Amino acid sequence: MFPVRPGKPTFKSYLPLPTEGKNPIQGMKNLEAKLLPGEIVVTEVNFVRKCIGPDSSPDDLWGKLICTNFKISFVTHGSLPRQKFQYTNRLLGEHDIPLAGVEQVVTANEAKGKQKVLGSNQKLKFSPTELMVYCKDFRIVRFRFDEAGPDSTKKVCLAIAHYSQPADPQLLFGFEYTGKCFHSSSGDRANGLDPGGSLQTALFDRSSDWDREIKRTGASGWRVCSVNEGYAVSPSLPEFFVVPASLADQDLKQFSVSFAGKRIPMWCWNHSNGSALVRMAGIRDPLQQRNVDRRICSAITKSHPKCNDVLKSDLDRSLPNIQEIQAAFVRLRQICVIEPFEENEERWLSSLESSKWLEYVRAFLKLSVEVVYMLEGQLCSVMLQEEEDRDLACVVSSLVQLMLDPHYRSLGGFQSLVQKEWVMAGHRFLDRCNHLKKNDGEECPLFLLFLDCVWQLMNQYPAAFDFTETYLTVLSDSMWIPVFSTFLFNCPRQCAERSRDFAQSESIELGQDKALRFPCVWDWGHQFSVKDQTLFNSPLYVGKSVTFVHNGTVKTFRRTKKSHSASLRGPPSLPNGSMVELDTLTRRNSLALRLKPEFWPPREVPESPAESFSREWLSRPVDLQGLLLPQLLPSHLQLWRLYFLRWVPEAQISRGGSVTAFHRLSLLADEIETLQNQLRQHRASTPASTPASTPASTPATPDHESSRMYFKAGTPDDLPSTPDYLTSSFPFSPVGNLCRRNILGTPFSKFLSGAKIWVSSENLANETL
């Protein structure tokens, strides 16, 4: 026997392994991705390393990188170290990235010092050793190909770049997914999807939904109009909507040609005092403008019980345009996760201010308060006027209704509000989300800005909302899952036409249906289990009527304007119950602390009637089931940390942040619910309430699976403690989701930065690795 000569050490032999004594690539070829109906594997590559930190680390994961027509999937035998809790999405795996959520794909070769931003149908002249995927939800995911074959790595990088930029809407995965579900349909299931299920949200795709909304708001002078049935008049309006009762269908058809996109003025909501909120596109015919405007205003005036005047709000003049909003969003993204660690702690707030994101959030909230004043204070109907009536009007009309109507602050009500004012009103989600990546000039995060405005209200009045900021964050993330019709099209007509064309091309028999029925995002069972959906429920919410048990009798507690509870607002609070955090206090050594109130400079600009109305309302105790007005000082508007900083490891607080209060309050709410159930069962088991022929039942422990709260209370002897997995990013985890290059000498305070990305190819050409 000849002695075995030891092999020469290579660069690869020095790579750290994720676990000691175990081959990281053993059995890797047997790994398979979990595929949805209609999903196919395009290409894959073995022996890929997903980076967990900025440098090579024993914590890195080894596995297979797979590109499908729906997602980028990384499959591994390993598990993330120091893994914090993460909710489970039924459509996506732990390491999956939907292709619609990919912002940029960058490849690099360290040895050759080359980098390239990949686009669709581009060539790659070098073999990549690294792949960086920059996501629209602020994630940065990095893969290394040290052990992978060069041909396979090049194919998977090009495939990801190509399939993340579809050339046609029908190439979006939602069509294949819905088509396959349709083929497997049976019984009462439409397109393989349960048309009812747990979905309890009005979709406003039929006249009955609008009828119920008219009755709910008491809009007696308005009617449901079917003049646009079959989209005969306007291509971007829904088939059914509400108009003044005094306008005949023939008048509407005559007026439609004068409006942009033939968008006839559409009713949004009615105040209890009779004033109405209406949205209207611009009148493009200057010769008919005065006549049409007069006729429309006259019809709205007749719909008011007291025939009060109609006031207009020109949104195009009062608010930033979509280009300004998009520019502010890009600057905010740079500050939060992109820029290198160059700015010191003192410049963080000034950088945030210079992005103008919070300034634009304030502008939308401020204008919404002014519209609320017109409706509530002046008792006048308001017409929101925008050139196309498909962008800014969606934000303002939704915020106004959210402030005035507590119904829309419940989970079901909020979802119906988004469905009515965004989806059916024709907000161009396909263009604004830039799903096809054809025109960056059309991209704008208007829906995210709206959710940020909602979060500002929720942050100031947490007990007034039925849902949590986790719900808002997940709703925003759902825009990048191209399965739901909610965020996939520019208008209902486009959804119907594109799905009908796809069904014909695939020879799918539609039967009585006019088009394929895409799943709706409001049926959360598509994405989450019943338990995970309880993360959407707020433990602080006090609805219009809350049941409770008094002396064994179930009663209903109704909150009145004279009944206020400081415990529902959260400490510390202003007199009206709005939240104020400690980090908004004046800095030490500030001149403001040394000035007495009488030395404050006089107000240069006189107070407007809307500001006086808001100040007077804020001086009174808040009615959580009545009008809500936001505090608009810069110190009251804060950065939405859970959304913008959830992937930043340095910003994560272990067992800290607002989630700790959420955990304790959830335990308390669950304990109260458990005691109420026990009291009901105890009363039901007493002889006085039990028929003679029926034996008394023994009280049983309530089923915790039916609880509204995610965190369940234990026995009275159990001491509540904060779980180790709770962090300020809960229920998200930054581990492996924000992998940036390391920069030595970085202090903790300078945590908001990262690799220079979301950049142009020209900038990359000047970069050195």
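Calculation notes
- Residues numbered from 1 in each chain as written.
- Predicted model: local features only at pLDDT ≥ 70, side-chain atom pairs only at ≥ 80, totals over all residues.
- Heavy atoms only, no water.
- Helix = DSSP H or I, 4+ residues; strand = E, 2+ residues; numbered from the N terminus.
- Buried < 20%, exposed > 50% of the residue type's maximum accessible area, 1.4 Å probe, protein only.
- Contact = heavy atoms within 4.5 Å.
- Areas by Shrake-Rupley, 256 points an atom, 1.4 Å probe, with all protein chains shown as cover.
- Pairing = 2+ DSSP bridges.
- Polar contact = N/O pair within 3.5 Å; in protein donor to acceptor, adjacent residues only side chain to side chain.
- Axes fitted to C-alpha atoms, helices over the stretch in contact; angles between N-to-C directions.
- Parallel < 35°, antiparallel > 145°, perpendicular 65-115°, else oblique.
- Left-handed = near helix turned anticlockwise from the far one by under 90°.
- Nonpolar A, V, L, I, M, F, W, Y, C, P; charged D, E, K, R; others polar.
- Lys, Arg positive; Asp, Glu negative; His and termini not counted.
- Salt bridge = Lys/Arg side-chain N within 4 Å of Asp/Glu carboxyl O.
- Core = buried A, V, L, I, M, F, W, Y, C linked by side-chain atoms within 4.5 Å.
- Phe/Tyr/Trp six-rings, centres within 6.5 Å; stacked < 30°, edge-to-face > 60°.
- Expected span 1.5 Å × (residues − 1).
- pLDDT = per-residue confidence, 0-100.

1. Some words on the overall build of the protein chain
A tally of regular secondary structure across the protein chain gives 21 helices and 16 strands. Within the span of the protein chain, comprising 769 residues, buried residues form 54% of the whole. Sequence-distant contacts, at least 24 apart, represent 73% of the contacts inside the protein chain between residues at least 6 apart. By element, 51% of the accessible surface of the protein chain is carried by carbon and sulfur atoms, the whole surface being about 36,000 Å².

2. Thoughts on the pairing of strand β12 (residues 276-281)
Of all six residues in β12, six are buried; the element is thus mostly enclosed. Across four bridges, the pairing between strand β11 (residues 266-270) and β12 is antiparallel. Across the sheet, the residue bridging to Met-266 is Arg-279, located in β12. The antiparallel pairing of β11 with β12 creates a hairpin that spans five residues between the two strands, and Gly-274 there sits at a positive phi of about 105°. Examined bridge by bridge, β12 and strand β14 (residues 381-386) share five bridges and lie parallel to one another. Residue Ala-281 lies in a different strand from β14, and its bridge partner there is Glu-386.

3. A few points about the environment of Ser-234
By the secondary structure assignment, Ser-234 is in the loop between β9 (222-225) and β10 (241-244). Separated by 2.9 Å, the side chain of Ser-234 and the backbone oxygen of Gly-261 make a polar contact.

4. With respect to unusual backbone geometry
With an omega dihedral of 5°, the bond running from Phe-730 to Pro-731 counts as a cis peptide bond. By secondary structure assignment, the location of Pro-731 is in the loop between α20 (658-684) and α21 (761-765). Even without glycine at this site, Cys-307 takes up a positive phi of about 55°.

5. With respect to the packing of helix α9 (residues 357-377) against helix α10 (residues 392-404)
Running from N to C, α9 and α10 cross one another at 55°; their axes reach a closest spacing of 9 Å. The orientation of α9 relative to α10 falls into the category oblique. Read as a crossing pair, α9 and α10 show a hand that is right-handed. Each of Phe-364, Leu-365, Leu-367, Ser-368, Val-369, Val-371, Val-372, Leu-375 and Glu-376 in α9 lies in contact with α10, whose residues at this interface are Leu-392, Val-395, Val-396, Leu-399, Val-400, Met-403 and Leu-404. Among the residues forming the contact of α9 with α10, the class breakdown is 14 nonpolar, one polar and one charged.

6. Regarding the sheet that holds strand β13 (residues 310-314)
Taken together, four strands build an open sheet; the order of strands is β11-β12-β14-β13 and the sheet is mixed. Each of the sheet's edge strands pairs with one partner strand only, and the pair in question is β11 and β13. Each strand axis lies, on average, 25° off the axis of its neighbour in the sheet, ignoring direction. Across the face of the sheet, helix α5 (residues 289-303) comes into contact with β12, β13 and β14 while running at roughly 125° to β13.

7. Some remarks on the side chain of Glu-386
Counting through the fold element by element, Glu-386 comes out in strand β14. No salt bridge is formed by the buried Glu-386. Its closest oppositely charged neighbour is Arg-279, at 5.5 Å. Within the structure, Glu-386 has its side chain in polar contact with the backbone nitrogen of Asp-391 (distance 3.4 Å). In this structure Glu-386 touches Met-280, Ala-281, Gly-282, Leu-315, Asp-316, Asp-391, Leu-392 and Ala-393, once residues within four positions along its chain are discounted.

8. Concerning the nonpolar core
If you look at the biggest cluster of nonpolar residues, it comprises 160 residues, and the most contacted ones within it are Trp-357, Phe-414 and Phe-644. Ranked by residue count, the leading element in this core is α9, at 13 residues. Apart from residues no more than four positions distant in its own chain, Phe-644 is found in contact with Phe-138, Phe-329, Leu-332, Cys-336, Val-337, Trp-357, Leu-448, Asp-452 and Leu-639. Leu-61, Phe-143, Ala-148 and Val-156 belong to the second largest nonpolar core, which has 28 residues in total.

9. Focus: the sheet that holds strand β1 (residues 41-50)
Reading across from one edge, β4-β3-β2-β1-β8-β7-β5-β6 is the order of the eight strands in this open sheet, with antiparallel pairing throughout. Each having just a single partner strand, β4 (97-98) and β6 (114-118) make up the two edges of the open sheet. In the sheet, strand β3 (residues 71-76) pairs with β4 via two bridges, with the strands oriented antiparallel. What sits directly across from Ile-72, in β4, is Ile-97. Against the sheet, helix α1 (residues 150-163) touches β1, β2 (61-68), β3, β5 (102-109), β6 and β7 (130-135), its axis set at about 120° to β1.

10. Focus on the packing of aromatic side chains
Evaluated as defined, the whole model comprises 42 aromatic pairs. Look at Phe-175 and Phe-489: their rings are 6.0 Å apart centre to centre, the planes differ by 85°, and that puts the pair in the edge-to-face class. Here Phe-489 lies in the loop between α14 (469-477) and α15 (492-505) and Phe-175 lies in helix α2 (residues 173-183), a separation of 314 residues in the sequence. In this pair, the class of Phe-175 matches that of Phe-489, namely buried.

11. Details of α15
Because each turn of an α-helix spans 3.6 residues, side chains separated by three or four positions in sequence point in the same direction. The terminal C-alpha atoms of α15, which comprises 14 residues, lie 20 Å apart, in line with the 20 Å expected from a rise of 1.5 Å per residue. Three or more residues of α15 are buried, namely Pro-492, Gln-494, Cys-495, Ala-496, Ser-499, Phe-502 and Ala-503. The first or second residue beyond α15 is Ser-507, which carries a positive phi of 55°.

12. Things to note about the confidence of the model for the protein chain
Put simply, the protein chain has an average pLDDT of 82, and 76% of its residues get 70 or more. For the stretch residues 1-8, pLDDT sits under 50, and the model shows zero contacts to residues farther than four places along the chain or on other chains. Taken as a whole, residues 10-21 scores under 50 in pLDDT and shows 18 contacts with residues more than four places along the chain or in a different chain.

13. Some points on the packing of helix α11 (residues 411-423) against helix α13 (residues 446-460)
It is the contact of α11 with α13, at a shortest axis distance of 14 Å, that shows an interaxial angle of 145°. In the packing of α11 onto α13, the handedness of the crossing is right-handed. Facing Phe-414, Val-418 and Trp-422 of α11, the residues of α13 in contact are Leu-446, Phe-447, Phe-450, Leu-451 and Val-454. The residue makeup of the contact of α11 with α13, split by class, is eight nonpolar, no polar and no charged.

14. Concerning the environment of Gly-656
Structurally, Gly-656 is set in the loop between α19 (641-644) and α20. Judged by relative accessible area, Gly-656 falls into the buried class, the value being 9%. Apart from the residues lying within four places of it in its own chain, the contact partners of Gly-656 are Leu-726, Thr-727 and Ser-728.

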